[in-house]
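Here's the letter readout for the chains.
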Amino acid sequence: QVQLVESGGGLVQAGNSLKLSCQASGGIFSINIMSWFRQVPGKQRELVARITNTGTTNYADSVKDRFAISRDNAKRTVYLQMNSLNAEDTAVYYCKMNLKQYYYTSSTDYWGKGTLVTVSS
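### Describing unusual backbone geometry
Here's step 1: The backbone phi angle of aspartate 65 is positive, close to 75°, even though this residue is not glycine.
Here's step 2: Secondary-structure assignment places aspartate 65 in the loop between strand S6 (57–59) and strand S7 (67–72).
Here's step 3: In this structure, arginine 76 takes a positive phi of about 55° despite not being glycine.
Here's step 4: Relative to the helices and strands, arginine 76 is located in the loop between S7 and strand S8 (77–82).
Here's step 5: Taking relative accessible area as the criterion, arginine 76 reaches 27% and is therefore assigned partly exposed.

### Focus on the environment of methionine 97
Here's step 1: In this fold, methionine 97 is placed in strand S9 (residues 91–100).
Here's step 2: Judged by relative accessible area, methionine 97 falls into the buried class, the value being 0%.
Here's step 3: If sequence neighbours within four positions are ignored, methionine 97 has contacts with Leu4, Cys22, Ala24, Ile31, Ile33, Met34, Arg76, Val78, Thr108, Asp109 and Tyr110.

### Side note on the state of the cysteines
Here's step 1: Under the defined criterion, the tally for this structure stands at one disulfide.
Here's step 2: At a sulfur-sulfur separation of 1.8 Å, the disulfide partner of cysteine 22 is cysteine 95. Taken as a pair, cysteine 22 in strand S3 (residues 18–25) and cysteine 95 in strand S9 lie far apart in primary sequence, 73 residues in all.
Here's step 3: Residue class for cysteine 95 comes out buried when judged on its relative accessible area of 0%.

Rules and cut-offs
All residue numbers refer to position in the chain's written sequence, counted from 1. Where totals are concerned, whole chains, interfaces and linings use all residues; where local detail is concerned, this predicted model gives features only for residues with pLDDT of at least 70, and gives and counts side-chain atom pairs only at 80 or more. For side-chain calculations, the full set of non-hydrogen atoms in the structure is used, while hydrogens and water are omitted. To qualify as a helix, a DSSP run of H or I must reach at least 4 residues; to qualify as a strand, a run of E must reach at least 2; elements of each kind are numbered from the N terminus. Burial classes follow relative accessibility: with a 1.4 Å probe on protein chains only, a residue under 20% of its type's maximum area counts as buried, one over 50% as exposed, and anything between as partly exposed. We call two residues in contact whenever any of their non-hydrogen atoms come within 4.5 Å of each other. The disulfide definition used here is simple: a pair of cysteine sulfur atoms within 2.5 Å.

Right under this line is the structure:
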């Protein structure tokens, strides 16, 4: 059973930084794309950043130059370093991993349960 567990969320003042982590556990053969999404109540979940297994990264325009995504394949972990936070960054942050449980299976998306980030102004 694959599980993704996020950590690192909390309350932070505007202008400060926070680092999120998401670690996968269970039977995993390989992990392709690792992503961070966020969702505000009443709004659609939006992509914040993604990183491929070759290290290529993509960011939403709203976080470009402030957030940095990275991964540690040995630890099956993806990170999101968030700098210069503002009130608009307040949301529940979810990680998603596209992975294969066995070499002969197709890739499937798995989601974490989310971690709340609250930025006070």
